[in-house]
Every structure is written in structure tokens, then in C-alpha cells.
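# Examining the three-dimensional arrangement
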Amino acid sequence: MNLDLLHSKILSCQLCDLALGRTKAVPGEGPCPAGIMLVGEAPGAEEDVTGRPFVGRAGRLLDRSLGLAGINRSEVFITSVVKCRPPLNRKPKSIEIESCHHYLQSQIDLVHPRVVGLMGNVAVGALLNLQGVTTLRGQVLQGRFLVTFHPAAVLRNNNLQEAFVSDLKKIKEMGSGDQ
Ligand code: URA
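Every chain is numbered on its own, with residues counted from 1 as its sequence reads. Per-residue local features of the predicted model are confined to residues with pLDDT of at least 70, and side-chain atom pairs are confined, for both listing and counting, to 80 or more; whole-chain, interface and lining totals are unaffected and use all residues. In computing side-chain values, all of the structure's heavy atoms are included and hydrogens and water are not.

## Describing the overall build of the protein chain
Stated formally: Segments assigned H or I by DSSP are reported as helices when at least four residues long, segments assigned E as strands when at least two residues long, and all are numbered from the N terminus. Whether a residue is buried, partly exposed or exposed follows from its accessible area with a 1.4 Å probe, protein chains only, as a fraction of its type maximum: under 20%, in between, or over 50%, in that order. Note that accessible areas follow from Shrake-Rupley with a 1.4 Å probe, and for residues the cover is restricted to the protein chains shown. Asp and Glu count as negative and Lys and Arg as positive, but His and the ends of the chain are not part of the count. Charge coordinates come from a single atom per side chain, which is NZ of Lys, CZ of Arg, CG of Asp or CD of Glu.
Counting secondary structure elements, the protein chain contains 9 helices and 5 strands. Secondary structure elements in the protein chain, listed N-terminal to C-terminal, are α-α-β-α-α-β-α-β-α-α-β-β-α-α. Looking at the 179 residues of the protein chain, the share that counts as buried comes to 53%. If you sum the accessible surface of the protein chain, you get close to 8,600 Å²; carbon and sulfur atoms cover 51% of it. Averaged over its 20 positive side-chain charges, the protein chain has a centre that lies 3 Å from the centre of its 16 negative ones.

## With respect to the sheet that holds strand S4 (residues 140-141)
How we decide: For two strands to be treated as a pair, DSSP must find at least two bridges joining them. Contact between two residues is taken to exist if any of their heavy atoms lie within 4.5 Å; hydrogens are not considered. Axis geometry follows a simple rule: fit a line to the C-alpha atoms, using only the stretch in contact for helices, then measure angles between N-to-C directions, giving values from 0 to 180 degrees.
Taking strand neighbours across the sheet as the criterion, the 5 strands line up as S2-S1-S3-S5-S4 in an open arrangement whose pairing is mixed. Each of the sheet's edge strands pairs with one partner strand only, and the pair in question is strand S2 (76-80) and S4. By the bridge criterion, 4 bridges tie strand S3 (residues 115-119) to strand S5 (residues 145-148) in an arrangement that is parallel. From the neighbouring strand, Val116 faces S5, where its bridge partner is Phe145. Against the sheet, helix H6 (residues 121-128) touches strand S1 (36-40), S3, S4 and S5, its axis set at about 130 degrees to S3.

Rendered as C-alpha cells:
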């Protein structure tokens with residue numbers, strides 16, 4: 001399986017009920033392989049319409065924060081745990097996270113990043129089966145997962161911005177090097 005084939009499967013996926021309400025599935029985007037992978041929660045309204053990850057308000061905050069950390073977005077593979085927008089942007093249900101999990105795992109296998117930035121509790125829960133971003137943030141787990149806040153949390157609480165950028169700087173250090 002290559003990434004294009006995987007993404008074409010995601011675009012036509014019918015494994016859970018989120019398929020019924022979506023405009024477009026949002027597989028994710030970026031180079032393959034890539035030193036850095038970032039994982040969010042689920043697409044929002046603008047992502048659902050465009051089919052691209054992190055292009056709404058949270059995405060603009062992410063872009064600014066990546067810039068402050070000295071990371072070029074074009075070097076990063078960006079995706080989310082769930083590839084289709086949950087209605088009214090509710091939290092994804094366990095069944096939806098489980099249905100989508102093999103896509104995320106295949107992306108990690110194919111992109112083969114040095115570091116995976118887990119942004120928020122949904123990503124930390126899906127990949128590490130842990131909760132508690134506030135206490136876990138900044139920590140590297142299993143050698144390559146770095147826990148940080150979701151950009152939407154930073155939008156809600158500007159006090160988190162400095163820690164978020166500092167986590168992204170650590171991600172840059174861990175992810176740099178030729179692929
Ligand atoms: N939030 C996410 O977790 N993913 C997106 O693609 C957009 C917003």
C-alpha cells in the first residue's frame with residue numbers, strides 16, 4: 001500500500017456513520033516520508049469543505065505557531081485521528097476513533113516520522129491510550145510521541161501559546177535530519 005492508495009480509500013470510506021454527514025473526508029497532507037508528523041482530533045467545517053487538514057481558525061494558529069518554532073508547514077505531515085467531520089464539531093465517539101485507527105496507523109507506518117506530535121487528548125488517547133495533556137505535555141513517550149496541546153485549546157486560552165511553541169521547537173529538534 002502506498003500513501004496515495006491509502007488516501008483514496010479514506011476518501012471513499014464508509015466504515016462509520018460520519019461518512020453520512022461529511023462533504024469531504026480529510027486524509028491529511030504532507031511529504032512522505034517526513035521527519036515530523038502532527039496529529040489533531042477531527043476535521044472542522046472548513047476542513048470538511050476543502051478536504052484539507054487544519055485550514056480553519058485552529059489551522060491558522062497552528063501555522064503561526066509552526067513559524068514561531070522555525071518549522072515550515074510544507075515539511076510536516078499533518079493529519080487527525082478521525083478523518084471525517086463529526087456533526088456540530090462534537091468529540092469523536094470511541095467507535096469512530098476505532099473505525100479510523102487503522103488509517104492513522106498506516107499513515108504513521110508509511111510516513112515513518114522521527115517524531116509524532118500528539119495535539120490534544122483525543123490524539124493521546126488514540127495512540128497511547130492515555131489522558132491528561134496538561135500534565136503530559138512536553139513529554140516524549142515511547143521514544144517518538146511528543147504530547148502537546150491541540151491548537152483549538154491554545155485559541156481558547158492564550159496562556160498556552162508559549163508552551164505550545166516550546167513543544168513545537170522540541171518537535172523540530174527531534175524531527176530534523178535527512179529523510
Ligand atoms: N482540528 C483538527 O483536529 N483537525 C483539523 O484538521 C482541523 C481542526
